[in-house]
Amino acid sequence: MHISEGVLSGPVLLSGAVLAAAGTAIGLKKLDYDHIAKAGMLSGAFFIASLIHVPLGPTSVHLIMNGIVGLLLGWAAFPAILVALAMQAVFFQFGGITTLGVNTLIMALPAVVCYCFFAPLLHRSPAVALTAAFTCGFMAVLMGGIIVGLSLMFTEEKFFEVAMAVVAAHLPVMIIEGIVTALCVAFLKKVQPSMLPGYSPKEL
Amino acid sequence: MNVRLLSLLCLVAALMLLTAGAALAHRVNVFAWVEGDTVFVECKYPDGTKVHEGVIRVLDSASKELLSGKTNDKGEFSFKVPKLDDLTVVLEAGMGHRGDWPLSRQDLSPAGEAPGQTSPAASQPAPKTEAPAAKELSPAAASPLPAGIDQAIEKALDKKLAPVMKMLAEMHEQKVRLTDVLGGLGYIFGLVGVAAYFKRKPG
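Cut-offs used in this document
- Residues numbered from 1 in each chain as written.
- Chains lettered and ligands numbered in written order.
- Predicted model: local features only at pLDDT ≥ 70, side-chain atom pairs only at ≥ 80, totals over all residues.
- Helix = DSSP H or I, 4+ residues; strand = E, 2+ residues; numbered from the N terminus.
- Buried ≥ 20, exposed ≤ 12 C-beta atoms within 10 Å, placed from the backbone.
- Expected span 1.5 Å × (residues − 1).
- Axes fitted to C-alpha atoms, helices over the stretch in contact; angles between N-to-C directions.
- Parallel < 35°, antiparallel > 145°, perpendicular 65-115°, else oblique.
- Left-handed = near helix turned anticlockwise from the far one by under 90°.
- Contact = placed C-beta atoms within 7 Å.
- Nonpolar A, V, L, I, M, F, W, Y, C, P; charged D, E, K, R; others polar.
- Pairing = 2+ DSSP bridges.
- pLDDT = per-residue confidence, 0-100.

(A) Just the overall build of chain A, in detail. Along its length, chain A carries 8 helices and 2 strands. Mapped in sequence order, the helices and strands of chain A form the string α-α-β-β-α-α-α-α-α-α. Within chain A, the fraction of its 204 residues that count as buried is 54%.

(B) A look at helix 8 (residues 171-191) of chain A. A rise of 1.5 Å per residue sets the reference length of helix 8 of chain A, with its 21 residues, at 30 Å; its end C-alpha atoms lie 30 Å apart and thus fit the reference within 8%. Those residues of helix 8 of chain A lying buried are Pro172, Val173, Met174, Ile176, Glu177, Gly178, Val180, Thr181, Ala182, Cys184 and Val185 of chain A.

(C) Expanded view of the packing of helix 6 (residues 126-153) of chain A against helix 7 (residues 159-169) of chain A. Residue and element names in this part refer to chain A. Contact pair helix 6 / helix 7: the axes reach a minimum separation of 8 Å and the direction vectors enclose 150°. Considering their axes alone, helix 6 and helix 7 lie roughly antiparallel with respect to each other. Once helix 6 is placed against helix 7, the crossing between them reads as right-handed. Between helix 6 and helix 7, the contacting residues are Leu142, Gly145, Ile146, Val148, Gly149, Leu150, Leu152 and Met153 on the first element and Phe159, Val162, Ala163, Val166 and Val167 on the second. A class-by-class count of the residues in the contact of helix 6 with helix 7 yields 11 nonpolar, 2 polar and no charged.

(D) Representation of the environment of alanine 86 of chain A. Position of alanine 86 of chain A relative to the elements: it lies in helix 4 (residues 77-92). Expressed as a C-alpha distance, the spacing of alanine 86 of chain A and isoleucine 97 of chain A, which sit 11 residues apart in the sequence, is 7.0 Å.

(E) Representation of the sheet that holds strand 2 (residues 38-44) of chain B in the model. Residues and elements named next belong to chain B. On the basis of which strands lie adjacent, the open sheet formed by 3 strands has the order 1-2-5 and antiparallel pairing. Edge positions in the open sheet fall to strand 1 (29-35) and strand 5 (76-80), since each of these has one partner strand only. Going across the sheet, the axis of each strand differs from the next one's by a mean of 20°, ignoring polarity. By the bridge criterion, 5 bridges tie strand 2 to strand 5 in an arrangement that is antiparallel. Within the sheet, the bridge partner assigned to valine 39 lies in strand 5 and is phenylalanine 79.

(F) Quick look at unusual backbone geometry. Residue and element names in this part refer to chain A. In this structure, methionine 65 is a non-glycine residue whose phi angle is positive, near 70°. For methionine 65, the position within the fold is in the loop between strand 2 (59-62) and helix 3 (66-73). On the basis of neighbour counts, which here come to 28 C-beta atoms within 10 Å, the residue methionine 65 falls in the buried class.

(G) Layout of the environment of methionine 87 of chain A. Structurally, methionine 87 of chain A is set in helix 4. In this structure, the C-alpha to C-alpha distance between methionine 87 of chain A and isoleucine 97 of chain A, residues 10 residues apart in sequence, is 9.8 Å. With sequence-adjacent residues up to four places away left out, methionine 87 of chain A is seen in contact with Phe47 of chain A together with Gly184, Tyr187 and Ile188 of chain B.

(H) Molecular detail of helix 3 of chain A. Residues and elements named next belong to chain A. Across the 8 residues of helix 3, 8 count as buried, placing the element largely inside the fold. Within helix 3, burial applies to Asn66, Gly67, Ile68, Val69, Gly70, Leu71, Leu72 and Leu73. Among the structural elements, helix 2 (36-49), helix 4, helix 5 (100-118), helix 6 and helix 8 are those in contact with the buried residues of helix 3. Downstream of helix 3 by one or two residues, glycine 74 has phi in the positive range, about 65°.

(I) Molecular detail of the confidence of the model for chain B. All names here are of chain B. Looking at chain B as a whole, the pLDDT averages 70, with 62% of positions reaching at least 70. Taken element by element, the predicted model of chain B shows its lowest mean pLDDT in helix 3 (residues 120-123) (41) and its highest in helix 6 (residues 178-198) (89). Scored below 50 in pLDDT, residues 14-25 makes 25 contacts in the model with residues more than four places away or belonging to other chains. Below pLDDT 50 for its whole length, residues 111-142 participates in 17 contacts with residues either more than four positions away or in separate chains. Across the whole predicted complex the pTM is 0.68, and at the interface the ipTM reaches 0.78.

(J) Summary view of the confidence of the model for chain A. Here chain A averages 84 in pLDDT, while 92% of its residues score no lower than 70. By mean pLDDT, the top-scoring element of chain A is helix 5 of chain A (92), and the lowest-scoring one is strand 2 of chain A (63).

Shown next as structure tokens:
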């Protein structure tokens, strides 16, 4: 899902960078002392997740994990994903420095959108919470694919074709991410409910 | 119930087939080398999957496109050196994947000289047609030998060097190493410390 350097035109890169910077600023503003460690851990998890290749048929896909990062961090997903992507660009040559802004937007914006939609559902009954978590992981990748298509639209490829290709190729990832996100939420609900958003000790 | 399960399995299988064509990596590796007057290009994703149907474009030093084509199923592409210049081989594998490999003038110069020697390909058939006549006159003369040896050496070298080139191509692939992973994680935790410092509660 990372876009390489030299593919996108200047204006797209610039607007991506501006939007990512705005998101990161909001994220940093909302990130309070108590959540810094959590953001760091999830940033690390996101950084590593791209290395986990899941063999699927003759090819392999890798996890993105923007759904769970967004669900647990909210707006702080922007700085967390930005840092992780910067590290991936420097150490693994995934994506690139000039495309950092666009790539951050591709993965962090769906994360925040998912947070807004699904975080309030996590404290409902287990069935609702798990469905919300699965949909969250699924949708975060789907929206990412749509943003990839949008950003490529302004260069040479056709939006619909690219978006469809990216989404179709990521279908297995979406399903896997949905399952992983649901498992994470189920686990956290049992073991460490304070990590979930909107947690209030009253529930104990 | 069983029918439903079966159709679900079919759907999953179909999805897998659909997605088989697209390898999802973040980066594509391009490696190009020169053999004679031909440039060979090999394209792979970092996990070793070949890039098929990737678009190759060859640019000159002024970024003008000289030729283009598509890689085959093995992720390979080859073309005759179009021009003695600093070339760039660009691979576009779709969905925002792009890689390039520079070929300097020096890399191409042996190839540039070969056509300069009135091109071995063209000179090769010529002695053959003359050979019967020459044999009748003096079988021991063997005057076209140097040219023949030249070509034989070049061929043998290309053959012997092919595995070396392959090895170089493999070495050029930047695989993810443990040090990279640990280094990245270290930076992230370090940044957490920085953030914690600036957000600390006074007092």
